[in-house]
Every structure is written in structure tokens, then in C-alpha cells.
Amino acid sequence: MVIDLLTSGGCSKNAPGEEVNSTTGDRIVSGDASAEGKHEESPLPGYVYAGEWGKSGNGDGEFNHPFAVDVAADGTVYVADLLDCRVQYFTATGSFLGEWGRKGKGPGRFADPIGIAVGLNGNVYVADRSNHRVQYFTPNGSFLGEWGKEGSGPGQFDFPVDVAASRDGRVYVADAKNWRIQYFTPGGSYLGEWGGKERFDFSHDDPDNVRLPHAVAVAPNGDVYTLEMGKSIVKRFDESGSFLGSWGREGTGKSEFVGPAGLAVGPTGDVYVADMACVQRFTAEGSFLNAWGSSGSKPGEFEFLNGVAVSPNGFVYVADTLNYRIQYFRPVPTEGN
């Protein structure tokens, strides 16, 4: 995100594990079939490919590197279309509703819109990376305000690369090159931060701090999850930045990552990680639940996954960046659940 937007790779070597629900006949992607095997050992809810939309281009419903996605309470899907410098929004099944933005520095214009979140009252927050600011809009794209400028002080940014909103309205920003998470009121007033280069202990890994954070997500209970550039680890904090735990390491097995880039928390508190060519799902504390995906362009396959989001009804949406599309999956219990 900050260093190399187009790193190639994938976290599974073969096709997703599949089952067939004996009642519905649906194809269920409940685990991938990597060398180490992330396939289910118990009947957990799986995910059925439900649809997709998009292709390469700059027309309505077309994308030039869809990089981030979020879903509003009413099911509206918002996509940060990175290299077209715009936001597009759609119905839950991909019908185009509208767009806003173009390249520039003024209100409502973007220089790398790389993170997106739906917050209080359905307002949409965009991490405008190379303008070093966060902008926010009404649900249909009318400009409401902005905050931030390049710098390292409170409320300033050096490459804000992701944004997330809590149920009480707090807005969290992954301030990548300042090595910190900052959080704000819904209107952008500074509330606090954690991390920072000056606080990082270089003598060891310093697990309870953040280093080049490039993804942030907030759980229904207010806990905050982060990913860091070049690190195959998910970190968990409370709403004010106290460290609660972490999990993950480099690899292709369960709870291992190749290039984790996107992060979301579902309505039940489960955590979803978009990792190059697969999605992994965990409990709030980091216990592995299931995974699906492999490298490719067919349904349920991915090329350079970035954004992931979960709708209020549990559908999972992913920004399949180099396939220039959004794919979505619906949860379905495996046989016997």
C-alpha cells in the first residue's frame, strides 16, 4: 500500500475446498486447500459465491484498481476506486447507484483514495492518502468536511492509508509513515493516538506497538484491529490503544499470511483478513475458523486482494483489485450445522 501496490502472490496453492449443501445444492467454500491445509475440521458456516461486478475501465461500474470496500447499514456498497480517484456506490448486488470524485486537491477530489469506511449516520469517510487527509461525505457523496495535512502532529498525517468507524462514531486512521493509529470524533476533532516512531522499541519486535500500519478495523464492542506493512500479524487493541493480543506469522497454513492487506470485523465480532488470494476468518481472539480462495480469475478466485467488508447480514465483499471487480459471498451453514 505504501511501498508496493502491486506485489504479486497468493496464500493458497490450489483451489478452495468445496462442499455441497445437501439441502440447497449450494457450492460452499469453507476452506482452502493450501499445502498445509486450512480446510475445516468441524461444521462451521462456510461461504457461497453469490456474485460479482466490475471490469477494467472508468465507466459506471468499472474500476481502475478497486482498493477498499465498505457496506452501509442499508446494504449499500461503497468502493474506493484508487487510480480513477473516485468513490462508486452500488446496491448490495452490484447495481450502480452513483459516484463522486476526481483527481485533485480541492474538496471532494482525491489523490489516491485508498481507504473507505461508513460511519455514523451513514456518512462515508475516505483516506485520501497523497493529500494527507481524511474527507467525509453524505451517503450520496455530498462533501461535508475534511481534516489533516502533511505532518506528524496531532491530526496531521503522513500517508493515511486506511480508515474505520466505530458504532459510537469514533473514526480511526492508519497513519502509515507516522507509525501510529489516530482517532477522532465524527467531525474530525482529535481524540488520541497510539504508536509512533518515537515510542517504538527497536531493540525487539515491540508487539504492543504499531509499525507502518496499513489496515484498521473496529469491532462491534469497540476493539480495534490492525495490520502492518511487511508483517504477517494481526494486532488487537482496546478503543484507546491498550494492547490486547495478536496472532499470525508468515506462511500458508492456518493463521499464517503471505501478504495480508485488508481487514474487517463482522457483526458477530469475527475478524476477516484479505491475504493476497484468500480470505481467512477468525474469532475475535484470533482462533482460526475457516478460509477460502486461490489465485485466478474465476468465481471465488482472486488476484491481489485488498479491501474486505462484511454487511449487517453477514455477506462478505472483497475488492479483487487486479481482476478489477468486487466479489461477494453469502454465509451458509455446512451440512450438520
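See above for the structure.
Below is a summary of the structure that appears in this document. (Residues numbered from 1 in each chain as written. Predicted model: local features only at pLDDT ≥ 70, side-chain atom pairs only at ≥ 80, totals over all residues. Heavy atoms only, no water.)

1. Quick notes on the overall build of the protein
Test applied: For the purposes of this entry, the term helix denotes a DSSP run of H or I that reaches at least four residues, the term strand denotes a run of E that reaches at least two, and both are numbered from the N terminus. For every residue, the accessible area (1.4 Å probe, protein chains only) is compared with the maximum for its type, and the residue is labelled buried under 20%, exposed over 50%, or partly exposed between those bounds. Residues count as neighbours in contact if any of their non-hydrogen atoms are within 4.5 Å of one another.
Scanning the protein from terminus to terminus reveals zero helices and 28 strands. For the protein, with 337 residues in total, the buried portion stands at 61%. In the protein, once contacts between residues fewer than 6 apart in sequence are set aside, the share between residues at least 24 apart is 48%.

2. Structural notes on the packing of aromatic side chains
Condition: Here a Phe, Tyr or Trp ring, Trp counted by its six-membered ring, pairs with any other such ring whose centre lies within 6.5 Å, and the pair is stacked when the planes are under 30 degrees apart, edge-to-face when over 60, and tilted otherwise.
In this structure the tally under the stated criterion is 33 aromatic pairs. Aromatic side chains Tyr 225 and Trp 247 sit 6.1 Å apart centroid to centroid with 70° between the ring planes, which places their arrangement in the edge-to-face category. Here Tyr 225 is found in strand S17 (residues 224-228), whereas its partner Trp 247 is found in strand S19 (residues 243-247), with 22 residues between them in sequence. Assigned by exposure class, Tyr 225 and Trp 247 land together as buried. Through a chain of ring-to-ring contacts, the aromatic side chains of Tyr 47, Tyr 49, Tyr 272, Trp 292, Phe 302 and Phe 329 assemble into a single cluster.

3. Focus on the sheet that holds strand S15 (residues 190-195)
The criterion, for reference: Two strands are said to pair when DSSP picks up at least two bridges between them. Angles run from 0 to 180 degrees between N-to-C directions of axes, and those axes are lines fitted to C-alpha atoms, restricted for helices to the stretch in contact.
The four strands lie next to each other as S12-S13-S14-S15, forming an open sheet whose pairing is antiparallel. Two strands in the sheet have a free side with no partner beyond their single neighbour: strand S12 (160-165) and S15. Within this sheet the neighbouring strands show an average axis-to-axis angle of 20°, counted without direction. Where S12 and strand S13 (residues 171-175) come together, five bridges link them in antiparallel fashion. Residue pairing across strands places Pro 160 opposite Asp 175, the latter belonging to S13.

4. A closer look at the sheet that holds strand S4 (residues 66-71)
Ordered in space as S4-S5-S6-S7, the four strands form an open sheet in which the pairing is antiparallel. Either end of the sheet is taken by a strand with one partner, and the two such strands are S4 and strand S7 (96-100). When strand polarity is set aside, the average angle formed by the axes of neighbouring strands in this sheet is 20°. Bridge analysis of strand S6 (residues 86-90) against S7 gives four bridges, and the strand direction is antiparallel. Considered in S7, the bridge of Tyr 89 is made with Gly 98.

5. Notes on the layout of surface pockets
Heads up, the rule is: In this analysis a 1.4 Å probe is tested at points of a 1 Å grid over the protein atoms alone, and where it fits but cannot get out there is a cavity; an open set with protein on both sides within 12 Å along at least five of seven lines is a pocket; lining residues have an atom within 4 Å of a point. Grid points are joined across faces, edges and corners, and a volume is the space filled by probe spheres set on the points. In this classification, Asp, Glu, Lys and Arg are treated as charged, Ala, Val, Leu, Ile, Met, Phe, Trp, Tyr, Cys and Pro as nonpolar, and every other residue, Gly included, as polar.
Considering only enclosed or pocket space, the largest pocket measures out at about 820 Å³ in volume. Forming the boundary of the largest pocket are 44 residues, of which Asp 70, Val 71, Val 118, Ala 165 and Val 265 lie nearest the centre. Elements with a minimum of two residues in the lining of the largest pocket: S4, strand S8 (113-118), S12, strand S16 (213-218), strand S22 (260-265) and strand S26 (305-310). When its residues are assigned to classes, the lining of the largest pocket shows 31 nonpolar, 10 polar and three charged.

6. Description of the side chain of Thr 138
Threshold: Nitrogen and oxygen atoms within 3.5 Å of one another constitute a polar contact, given that in protein one can donate a hydrogen and the other can accept it, and given that sequence-neighbouring residues count only through two side-chain atoms.
As for its position among the elements, Thr 138 is in the loop between strand S10 (133-137) and strand S11 (143-147). Classification of Thr 138 by relative accessible area gives buried; the value is 18%. Side chain to side chain, Thr 138 and Asn 140 meet in a polar contact 2.6 Å long. Setting aside residues up to four positions removed in sequence, Thr 138 forms contacts with Trp 100, Asn 123, Val 124 and Leu 144.

All quantities given are derived from atomic positions and should not be read as evidence of function.
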